[in-house]
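Each chain is listed here by its residues.
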Amino acid sequence: ISEKSAMNWRNGLKGKILFDEPLAKHTALKIGSKAKVWVEPYDLDDLKLLLKNIKALRKDYLLIGLGSNIFIKKKSIPLVIRLGQEYFKEISARGNVLKAGCGVSLKRLIDVSAKCGLGGLEFLSGIPGTLGGALVMNAGVAWPNKRQIQDVIQEVEALDRNGRVRVLKKKDIIFAYRASSLSKYIV
């Protein structure tokens, strides 16, 4: 996507759009090429509009979180989307249930859980990613007891490639070792 063509499809978007953005600024290893276009949608409606516009252009994209589990070899990536705006980092608690956005770091999720008097997420300590990435890859530990994020979720709200919201119950998601059927969605 060139800067000129990006001007056309970004009409109406409220989020951050950067051109020739160094990916090294957004990965844990501080290495990587450039994103020709870097987009951080403002909220869910902005993300839906972005997906609609991308689909119309027949362009593909790379979705990243904190960049803690990626190594990019290509010289440049045409379009990178990061759900890093505040909307995607919201957390709320009701009783013994946390509702959290995909952009929430696992560290913050554990901290908020503890402040709410909730436990059960401690096994995620030290994993440097976001909730979205943890769900897609079924993050967890194997020692001293096998625990994975699939053990603590009830449902996941996700967008399909057409921008339609799907609420997936735990029973509707296929989990495997470091993988899940959520990889075809935007969590």
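Whatever comes next refers back to the structure up there.
I will try to describe carefully the structure that is included in this document. (Residues numbered from 1 in each chain as written. Predicted model: local features only at pLDDT ≥ 70, side-chain atom pairs only at ≥ 80, totals over all residues. Heavy atoms only, no water.)

1. Digging into the overall build of the protein chain
A count of helical and extended segments in the protein chain gives 4 helices and 12 strands. Its C-alpha radius of gyration of 17 Å places the protein chain within 12% of the 16 Å reference for a compact globule of 187 residues. Across its three principal directions, the C-alpha atoms of the protein chain cover 50 × 30 × 30 Å. Scored against the burial criterion, the 187 residues of the protein chain give a buried share of 40%. Residue pairs in contact within the protein chain that sit at least 24 positions apart in sequence constitute 53% of those at least 6 positions apart. With the model as given, the accessible surface of the protein chain reaches about 10900 Å², and the carbon-plus-sulfur share is 52%. Here the protein chain holds 33 positive side-chain charges and 17 negative ones, and the gap between their average locations is 5 Å. (Helix = DSSP H or I, 4+ residues; strand = E, 2+ residues; numbered from the N terminus. Rg over C-alpha atoms; globule rule 2.2 N^0.38 Å. Buried < 20%, exposed > 50% of the residue type's maximum accessible area, 1.4 Å probe, protein only. Contact = heavy atoms within 4.5 Å. Areas by Shrake-Rupley, 256 points an atom, 1.4 Å probe, with all protein chains shown as cover. Lys, Arg positive; Asp, Glu negative; His and termini not counted. Charge placed at Lys NZ, Arg CZ, Asp CG, Glu CD.)

2. Examining the state of the cysteines
Under the defined criterion, the tally for this structure stands at 0 disulfides. With no disulfide of its own, C102 lies closest to C116 among cysteine sulfurs, the gap being 19 Å. Accessibility expressed as a relative area gives 13% for C102, which makes it buried. Residue classification places C116 among the partly exposed residues on the basis of a relative accessible area of 37%. (Disulfide = S-S within 2.5 Å.)

3. Considerations on the pairing of strand β6 (residues 97-100)
Bridge count between strand β5 (residues 91-94) and β6: 4 bridges; the pairing is antiparallel. Pairing of R94 across the sheet is with V97, part of β6. Turn length for the β5-β6 hairpin, with the two strands adjacent in sequence and antiparallel, is 2 residues, and the turn residue G95 shows positive phi of about 65°. (Pairing = 2+ DSSP bridges.)

4. Points about helix α3 (residues 106-115)
When α3 is considered as a whole, its buried residues turn out to be L106, L109, I110 and S113. Projected onto a plane normal to the axis of α3, the buried residues spread over an arc of 95° and lie on a single side. Looking at α3, the residues exposed on the side facing more than 90 degrees away from the buried face are K107 and K115. Immediately beyond the C-terminal end of α3, within one or two residues, lies G117, with a positive phi of roughly 75°. (Arc of directions from axis to C-beta.)

5. Focus on helix α2 (residues 44-57)
Compared with an ideal rise of 1.5 Å per residue, which puts 14 residues at 20 Å, α2 spans 20 Å between its outermost C-alpha atoms and is within 8% of the ideal. For α2, the full list of buried residues reads L44, D46, L47, L50, L51, N53 and I54. Where α2 begins, one side-chain oxygen reaches toward the backbone nitrogen of D45, 3.3 Å away; that side chain belongs to D43. At the exit of α2 stands R58, carrying a positive phi of roughly 60°. (Expected span 1.5 Å × (residues − 1). Polar contact = N/O pair within 3.5 Å; in protein donor to acceptor, adjacent residues only side chain to side chain.)

6. Structural notes on the pattern of salt bridges
Between side chains of opposite charge, a pair can form when the charged atoms approach closely. Within the structure shown, the criterion is met by 10 salt bridges. Ionic pairing is found between K169 and E155, a salt bridge with its closest N-O pair at 2.6 Å. Of this pair, K169 sits in strand β10 (residues 165-169) while E155 sits in strand β9 (residues 155-159), and the two are 14 residues apart along the sequence. On the accessibility criterion, E155 (43% relative accessible area) is partly exposed. (Salt bridge = Lys/Arg side-chain N within 4 Å of Asp/Glu carboxyl O.)

7. Here we look at the nonpolar core
Core analysis: the largest hydrophobic core is formed by 39 residues, its most contacted members being L124, L135 and L182. Elements that contribute at least two residues to this core include exactly β2 (34-40), α2, β4 (76-82), α3, α4 (131-137) and β9. Here L124 is in contact with L106, I110, A139 and I149, once residues within four sequence places are set aside. With 7 residues, the next largest nonpolar core counts W38, I72, I77 and V80 among its residues. (Core = buried A, V, L, I, M, F, W, Y, C linked by side-chain atoms within 4.5 Å.)

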